[in-house]
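Structural overview for review
Spelled out, the chains give:
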Amino acid sequence: MSKLAVVALGGNALLRGNQVGTIDEQEQNTTDTLENLVYLIKEGYNLVISHGNGPQVGNILMRNDAGEQLYGIPQMPLDICVADSQGGIGYMIERMLRNVLRKHGIDREVCCLVTPVIVDHDDPAFTNPTKRVGRIYDKAQADALAAEKGWIFKEEVKDTGSGWRRVVPSPKPKGILNIKVIDQLVRQGIIVIASGGGGVPVYIDEEKNVRPAEAVIDKDLASALMAAEIKADEFYILTDVPFVYLNYKKPNEQKLEFLNYADTMKYLEQGMFGEGNMAPKIKACLDFIKRGGKMSVITEATKLEDMSYGTKITMEYED
Ligand SMILES: Nc1ncnc2c1ncn2[C@@H]1O[C@H](COP(=O)(O)OP(=O)(O)O)[C@@H](O)[C@H]1O
Ligand SMILES: NC(=O)OP(=O)(O)O
């Protein structure tokens with residue numbers, strides 16, 4: 001039987017830190033990343049692909065704002081902006097993947113699904129925004145936007161550039177509305193693109209109606225939930241580092257190649273993984289393993305084929 005994997009594409013897979021984000025840039029980055037997935041596809045994996053949307057949904061929010069100011073176009077709520085980003089990015093991945101598959105002579109169908117993801121309406125995250133979206137501003141610009149529009153900003157320190165980014169609520173994903181469809185499609189061998197941007201946030205009200213939630217869900221947590229629910233064997237998070245490290249960027253930095261659940265949890269509690277970047281990825285990997293997944297891997301897309309790269313997390317160390 002074919003192995004089933006969920007692969008979550010990080011921000012870098014679509015948009016690099018030093019790029020403005022033209023469609024040409026995003027298409028080229030996406031193609032380069034998808035070329036690295038050909039290895040898994042040729043190995044016969046059934047695949048669900050998810051992706052981030054932080055920079056893109058931030059841009060949509062700014063277009064929203066500019067449209068209202070310049071032309072009086074009504075602002076759209078955040079769930080619609082997330083759905084827009086999911087559709088746009090998912091369509092781009094589908095188109096690029098079809099071309100990559102054709103180039104390699106692979107006959108597999110591809111399908112992109114807009115995916116509503118359920119959150120709790122009273123999740124404390126709604127009163128404590130943490131999810132960074134959009135571009136990086138300097139302090140003066142961030143202060144001006146905060147005063148003018150009431151946006152909330154948090155500092156972001158990255159190798160590619162530091163500054164201030166807008167933050168929005170990011171509640172924990174609890175369920176995926178069209179999970180049965182995702183499961184059925186992927187088990188037929190169709191490569192499914194789903195839960196992009198963490199999914200469109202919704203909650204279920206007391207009358208069991210589906211209602212919109214104003215949030216951006218963490219794509220790694222939503223992808224791990226999806227991976228666990230479809231009983232995937234493996235869960236890959238592709239980002240911009242080849243390994244997870246202890247004492248990252250310090251003189252005693254140490255790469256982590258194999259980790260068991262208990263040690264990963266211990267390092268997480270010791271604060272070894274950056275809050276807002278690596279820590280959520282580690283939590284997502286642990287969620288997946290705890291719910292029966294065999295292996296989580298964090299690495300760069302270009303290193304996927306070489307098993308000597310990547311941090312591999314399993315429940316127990318293998319002999
Ligand atoms: N212990 C660690 N090991 C590796 N990277 C870490 C660690 N702690 C923090 N990081 C940071 O996490 C970043 C990846 O997370 P993030 O920027 O959110 O990725 P993506 O946008 O691809 O989802 C790395 O570029 C690195 O700067
Ligand atoms: N939704 C989400 O987590 O997107 P990024 O990975 O781009 O931040």
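Just above, that's the structure.
A brief report on the enclosed structure follows.

So, the overall build of the chain
Scanning the chain for helices and strands turns up nine helices and 17 strands. Since a compact globule built from 319 residues should have a radius of gyration of about 20 Å, the 19 Å found for the chain is in line with a globular shape. The dimensions of the chain, computed from C-alpha atoms along their principal axes, are 60 × 45 × 45 Å. Evaluated residue by residue, the chain yields a buried proportion of 54% over its 319 residues. Sequence-distant contacts, at least 24 apart, represent 73% of the contacts inside the chain between residues at least 6 apart. Accessible surface computed for the chain: about 15,300 Å², of which carbon and sulfur atoms make up 51%. Taking the 37 positively charged and 45 negatively charged side chains of the chain as two groups, their mean positions are separated by 1 Å.

Here we look at the nonpolar core
Val 48, Ile 182, Val 192, Ile 230, Phe 235, Phe 273 and Ile 282 are the most contacted members of the largest nonpolar core, which has 48 residues in total. In terms of residues, this core owes the most to one element, helix H9 (residues 278-290), which gives eight residues. Discounting chain neighbours no more than four positions away, the residues touching Val 192 are Leu 47, Val 48, Ile 49, Cys 111, Leu 113, Ile 182, Leu 185 and Val 186. Ranked by size, the runner-up nonpolar core spans 30 residues in total, among them Leu 97, Val 110, Leu 238 and Met 295.

Overview of the packing of helix H3 (residues 54-71) against helix H4 (residues 78-103)
One can describe the packing of H3 onto H4 by two numbers: an axis separation of 9 Å at closest approach and a directional angle of 125°. On the basis of their axis angle, the class for H3 and H4 is oblique. Where H3 crosses over H4, the two elements pack in a sense that is right-handed. Contacts between H3 and H4 involve Gln 56, Val 57, Ile 60, Leu 61 and Asn 64 on the former and, on the latter, Leu 78, Cys 81, Val 82, Asp 84, Ser 85 and Ile 89. Each residue belonging to the contact of H3 with H4 can be placed in one class, and the counts come to seven nonpolar, three polar and one charged.

As for helix H8 (residues 261-269)
Considered for burial, the residues of H8 that qualify are Tyr 261, Asp 263, Thr 264, Tyr 267 and Leu 268. Of the surrounding elements, those touching the buried residues of H8 are strand S13 (244-246), strand S14 (254-256), strand S15 (258-260), H9 and strand S17 (311-314). Where H8 begins, the side chain of Asn 260 points an oxygen toward the backbone nitrogen of Ala 262, at a separation of 3.4 Å.

Details of a nonpolar patch on the surface
There is a patch of nonpolar side chains on the surface, built from Leu 70, Tyr 71 and Ile 73 and spanning about 390 Å² of accessible area. Assignment of secondary structure puts Tyr 71 in helix H3.

Regarding the packing of helix H7 (residues 219-229) against H9
Put simply, H7 and H9 touch, their axes get as near as 8 Å, and they point 10° apart. Considering their axes alone, H7 and H9 lie roughly parallel with respect to each other. Along its contact with H7, which presents Lys 219, Asp 220, Leu 221, Ala 224, Ala 227 and Ala 228, the element H9 presents Pro 280, Lys 281, Lys 283, Ala 284, Asp 287 and Phe 288.

Focus on the sheet that holds strand S4 (residues 116-118)
Ordered in space as S8-S4-S10-S11, the four strands form an open sheet in which the pairing is mixed. Lying at the two open borders of the sheet, with one neighbouring strand each, are strand S8 (175-176) and strand S11 (210-212). Its contacts with the sheet put H4 on strand S10 (200-204) and S11, and the angle it makes with S10 is roughly 135°.

With respect to the site of ligand 1
Taken together, 17 residues surround ligand 1, and among them Lys 158, Thr 239, Asp 240, Tyr 245 and Lys 281 come closest. Met 272 places a main-chain nitrogen or oxygen 3.1 Å from a nitrogen atom of ligand 1. Protein contacts shield 89% of the accessible area of ligand 1, which totals 580 Å² for the unbound molecule. Elements with a minimum of two residues in the shell around ligand 1: S13 and H9. Looking at the shell around ligand 1 residue by residue, the classes come out as eight nonpolar, five polar and four charged.

Some words on the pairing of strand S7 (residues 163-168)
Taken across its six residues, S7 has five buried, putting it largely inside the fold. Bridge analysis of strand S5 (residues 131-137) against S7 gives four bridges, and the strand direction is antiparallel. By the bridge assignment for S7, Val 133 is matched with Arg 166. By the bridge criterion, five bridges tie strand S6 (residues 152-156) to S7 in an arrangement that is antiparallel.

Conventions adopted
Residues numbered from 1 in each chain as written. Chains lettered and ligands numbered in written order. Predicted model: local features only at pLDDT ≥ 70, side-chain atom pairs only at ≥ 80, totals over all residues. Heavy atoms only, no water. Helix = DSSP H or I, 4+ residues; strand = E, 2+ residues; numbered from the N terminus. Rg over C-alpha atoms; globule rule 2.2 N^0.38 Å. Buried < 20%, exposed > 50% of the residue type's maximum accessible area, 1.4 Å probe, protein only. Contact = heavy atoms within 4.5 Å. Areas by Shrake-Rupley, 256 points an atom, 1.4 Å probe, with all protein chains shown as cover. Lys, Arg positive; Asp, Glu negative; His and termini not counted. Charge placed at Lys NZ, Arg CZ, Asp CG, Glu CD. Core = buried A, V, L, I, M, F, W, Y, C linked by side-chain atoms within 4.5 Å. Axes fitted to C-alpha atoms, helices over the stretch in contact; angles between N-to-C directions. Parallel < 35°, antiparallel > 145°, perpendicular 65-115°, else oblique. Left-handed = near helix turned anticlockwise from the far one by under 90°. Nonpolar A, V, L, I, M, F, W, Y, C, P; charged D, E, K, R; others polar. Polar contact = N/O pair within 3.5 Å; in protein donor to acceptor, adjacent residues only side chain to side chain. Patch = residues over 30% accessible without salt bridge, like charges linked within 9 Å, V, L, I, M, F, W, Y side chains within 5 Å. Salt bridge = Lys/Arg side-chain N within 4 Å of Asp/Glu carboxyl O. Pairing = 2+ DSSP bridges. Near = heavy atom within 4 Å.

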